[in-house]
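Below are the chains, spelled out letter by letter.
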Amino acid sequence: MRTIRWLPLLASIALLPAKDSCVECHSNLDGNLQRPAALFKGDVHAVSHLSCAGCHGGDANSDDPTVAMSPAKGFRGKVARTGIPKLCASCHSDPNYMRKYRPQQRVDQYQLYLTSVHGKRLEKGDARVATCIDCHSVHDIRAVKDAAAPVHPLKLPATCGHCHADAARMASYKIPTTQLEEYRGSVHWEALTKRGDLSAPNCASCHGNHGAKPPNVESVAAVCGSCHVLHEKFFAQSVHNAAFPSGQGGGCMVCHSNHGIHKPSTAMLAGKDAVCSQCHEADSNGGKMAVQAARRLDGLANALQVSEQQLALADKFGMDIAEAQLRLIEGKESLIKARLALHSFEEQEVGKPVDAGLLIAKETKAAADAALHEKDVRRIGLAASVLFIAVSILALWFLIRRIETNGSATLTRRTIL
Ligand code: HEC
Ligand code: HEC
Ligand code: HEC
Ligand code: HEC
Ligand code: HEC
Ligand code: HEC
Ligand code: HEC
Ligand code: HEC
Ligand code: HEC
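These numbers were taken from a predicted model, which means no experiment stands behind them.

J.: Can you help me understand the site of ligand 6 in this one?
T.: What surrounds ligand 6 is a group of 19 residues, the closest being Gln179, Cys203, Cys206, His207 and His259. Between ligand 6 and Gln179, the relevant distance is 3.0 Å, taken from an oxygen atom to a side-chain nitrogen or oxygen of the residue. Within the side chain of His207, a nitrogen or oxygen atom sits 2.8 Å from a nitrogen atom of ligand 6. Elements that contribute at least two residues to the shell around ligand 6 include exactly helix H12 (156-164), helix H14 (179-183) and helix H16 (203-207).

J.: How should the coordination of the iron atom of ligand 5 be read in this particular structure?
T.: Note on metal geometry: ideal angles are 109.5 degrees for four donors arranged tetrahedrally and 90 or 180 degrees for six donors arranged octahedrally. Bound to the iron atom of ligand 5 on the protein side are His118 (NE2) and His164 (NE2), at distances that span 2.0 Å. One way to put it: the 6 donor atoms around the iron atom of ligand 5 meet at angles of 86 to 177 degrees, and that makes the site octahedral. Taken together, the positions of His118 in helix H10 (residues 117-123) and His164 in helix H12 put the pair 46 residues apart, joining distant regions of the chain.

J.: Is there a simple way to think about the side chain of Ser70 in this case?
T.: Here Ser70 lies in the loop between helix H6 (65-68) and helix H7 (84-92). What makes Ser70 buried here is its relative accessible area of 12%. Contact partners of Ser70, with chain neighbours within four places excluded, come to Pro65 and Phe75.

J.: Quick question: what am I supposed to make of the domain arrangement of the chain here?
T.: How big an interface is tends to be stated in terms of the accessible area lost upon association of its parts. One can read the domain layout of the chain as domain 1 (1-152), domain 2 (171-262) and domain 3 (285-377). Between domain 1 and domain 2, the contact holds 9 residues from the first and 5 residues from the second. Considering only the side of domain 1, the residues that lose the most area to domain 2 are Gln109, Leu112 and Arg128, jointly responsible for 44% of the buried surface there. If you look at where domain 1 meets domain 2, you find 0 salt bridges. Linking domain 1 with domain 2 are 3 residue pairs in polar contact (both at pLDDT 80 or more). With 4 residues, the top contributor of residues to the side of domain 1 that touches domain 2 is helix H9 (residues 109-115). Classifying every residue of the side of domain 1 that touches domain 2 gives 2 nonpolar, 4 polar and 3 charged.

J.: What's the story with a nonpolar patch on the surface in this structure? I'm lost.
T.: A grouping of Leu396, Leu399, Ile400 and Ile403 is seen on the molecular surface, where their side chains present a nonpolar patch of about 410 Å² in accessible area. The topology assignment puts Leu396 in helix H23 (residues 347-416). With relative accessibility at 53%, the residue Leu396 sits in the exposed group.

Rules and cut-offs
Residues numbered from 1 in each chain as written. Chains lettered and ligands numbered in written order. Predicted model: local features only at pLDDT ≥ 70, side-chain atom pairs only at ≥ 80, totals over all residues. Heavy atoms only, no water. Near = heavy atom within 4 Å. Polar contact = N/O pair within 3.5 Å; in protein donor to acceptor, adjacent residues only side chain to side chain. Helix = DSSP H or I, 4+ residues; strand = E, 2+ residues; numbered from the N terminus. Donors = N, O, S within 2.8 Å, 3.2 Å for Na, K, Ca; no water. Tetrahedral: all angles 85-135°; square planar, octahedral: opposite > 155°, others 65-115°. Buried < 20%, exposed > 50% of the residue type's maximum accessible area, 1.4 Å probe, protein only. Contact = heavy atoms within 4.5 Å. Domains from an automatic or database assignment. Buried area = accessible area lost by both parts, 1.4 Å probe. Salt bridge = Lys/Arg side-chain N within 4 Å of Asp/Glu carboxyl O. Nonpolar A, V, L, I, M, F, W, Y, C, P; charged D, E, K, R; others polar. Patch = residues over 30% accessible without salt bridge, like charges linked within 9 Å, V, L, I, M, F, W, Y side chains within 5 Å. Areas by Shrake-Rupley, 256 points an atom, 1.4 Å probe, with all protein chains shown as cover.

Shown next, in the form of structure tokens:
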């Protein structure tokens, strides 16, 4: 606790001096001694006018290295890895100190860190786990919203993967090292990177930034429901929630996995890749329900597709089908509702939205057919009138010719006379 008191004080002192002997002298050194000074310009702490002494102690007013870096002035050299979280916490866990810089800043990072697997292992002396600087870097620490920060949503997976995808480094722990690779093939990574959907989860959305898990979630495996609220609601009332509740390896993970979540389809229900057949025989209630649900979902998807194609055709011919197109959107919503209701694993629940959707598909298909029929009728009408006009013109032409021939005959006779 004592260090927590004096370090902010030192930092405030470090705020005052116009000159900074640490940066001046270290800028002229080489290699590892120079790099911190060179990097520091872009560091969020430098931007807040904190100096090297804020973390390393010492006296930034003195050009004499024996004074500037004297232990009597609180100097500590390279901080040991096991001491890093405590060092950062000396400021970041002090609400009175942090408030001076940013009133809204959280001050619970260290407390949460201590509850994580990283923090617990570090406490026991394992220095290979992530400390604050493995996720935030050091001497070049960026504001978390900075796109260049290693904790930015698009950068974070690689930051975690630096260790977790390194099989040699993780060998002694006997946990998988495939999370990054799987995650990069997932619907979530696709939503994040291809569609720029920042609400899609990265590693920290599910595991928490500092603690082992985000708030209000009993376990990481139950995290899916914090975003997919409606799926969770159906699942929670299903037989499966009793059979494999969200928790260690259970819940949504059983069918969707956790890191390598792929685009779901009815292939998960029926066929050789069906997840249901892992536990249900084909002739059991579960097996039958799966096949039935696949048939219904596919049936509705196909019916809606046919309606959509017909409507597109009618639209191409300039027919007014705006109302049917709006109705079709409702049909598509029924399909979404049916996929959602599937998570009750009750045939009836899936059946209701499917039937409603099929009705709309039928209705919109009929509207498209009617529009196309009207188009044909109009075409025939058009052809008939074109024909009528053509015949009239022809008749007129003959009439004129006849008058002309008669006229010239009279003329000829008159000339002879
Ligand atoms: C006049 C030059 C000079 C000044 C001023 C100076 N340093 Fe150093 N610093 C050095 C040299 C040279 C070394 C490497 C030799 C050594 O460890 O004494 C060093 C080493 C260090 C190390 C690494 C120690 C280790 O254990 O590896 C840190 C950290 C450091 N300085 C921080 C500071 C801070 C903070 C200040 C300002 C309060 C500061 N220095 C001021 C020259 C300077
Ligand atoms: C936010 C806290 C913080 C600030 C500010 C900071 N350092 Fe450090 N510094 C650390 C930590 C933590 C380490 C240990 C890094 C590691 O274990 O890789 C370190 C390591 C070092 C080392 C040893 C490098 C090595 O690889 O041996 C030097 C030298 C150093 N710092 C100098 C400085 C200088 C000069 C400044 C100012 C320009 C500065 N530091 C500012 C936290 C800080
Ligand atoms: C396992 C990686 C990891 C470790 C270890 C870690 N952080 Fe973070 N930190 C993050 C992530 C991720 C964010 C959130 C980024 C965002 O909001 O986009 C964050 C955010 C922060 C913030 C911004 C305020 C907030 O809480 O959102 C501060 C300050 C911070 N960390 C300090 C620390 C300190 C101090 C430590 C060590 C006690 C530490 N971090 C350890 C990953 C880490
Ligand atoms: C001397 C006090 C002090 C120490 C020690 C310290 N910090 Fe900071 N840190 C601050 C202040 C002040 C800010 C700026 C507050 C702000 O603008 O959000 C800050 C900002 C940050 C931010 C940006 C937060 C955001 O909201 O974007 C991160 C990340 C961070 N520090 C990480 C660390 C890490 C990691 C360490 C340890 C290696 C550390 N800090 C040590 C005082 C300190
Ligand atoms: C500096 C390397 C390093 C970094 C960076 C790192 N970790 Fe870790 N992590 C470890 C080590 C080592 C363990 C201990 C493994 C164990 O005990 O099974 C661990 C453990 C874990 C565990 C617990 C695994 C278990 O045993 O069930 C999770 C979850 C985890 N890390 C997630 C993350 C996330 C998410 C990030 C990025 C935000 C991250 N880690 C960044 C090294 C790292
Ligand atoms: C969509 C949520 C989610 C995302 C995103 C996610 N994880 Fe996980 N992760 C989980 C769940 C759920 C578990 C299993 C936890 C359990 O069984 O209690 C897990 C387990 C782990 C474990 C323990 C070992 C294992 O594989 O079972 C590690 C390490 C880990 N994740 C790291 C990561 C890293 C690194 C990333 C980013 C590349 C990441 N996770 C992204 C949800 C997620
Ligand atoms: C932080 C919020 C968040 C968390 C946590 C989360 N997801 Fe997602 N998930 C999303 C977003 C955003 C999308 C993209 C939505 C889209 O494509 O329209 C998505 C997409 C999906 C999809 C594909 C949907 C589709 O129609 O293509 C599935 C399946 C999925 N998530 C399952 C899970 C599972 C299982 C978990 C837990 C292991 C989980 N999600 C955790 C936000 C989250
Ligand atoms: C017993 C297996 C199973 C479990 C458990 C399960 N799902 Fe699904 N999920 C499926 C199947 C099968 C589909 C594919 C339906 C389709 O597209 O035809 C699906 C589809 C989805 C979709 C995409 C829906 C859409 O509109 O395209 C999301 C999102 C989703 N599940 C999330 C979850 C979440 C969150 C949980 C946990 C609360 C969960 N699932 C639990 C089997 C399961
Ligand atoms: C991890 C194993 C597992 C998977 C995978 C699984 N189930 Fe189940 N399911 C169970 C268990 C256990 C029960 C409850 C005991 C029972 O009735 O068989 C159950 C019950 C059911 C029931 C109620 C059966 C009854 O007799 O009333 C239905 C329906 C069902 N599952 C459908 C599905 C569908 C559809 C899928 C695929 C999307 C699926 N299950 C995937 C384990 C599983």
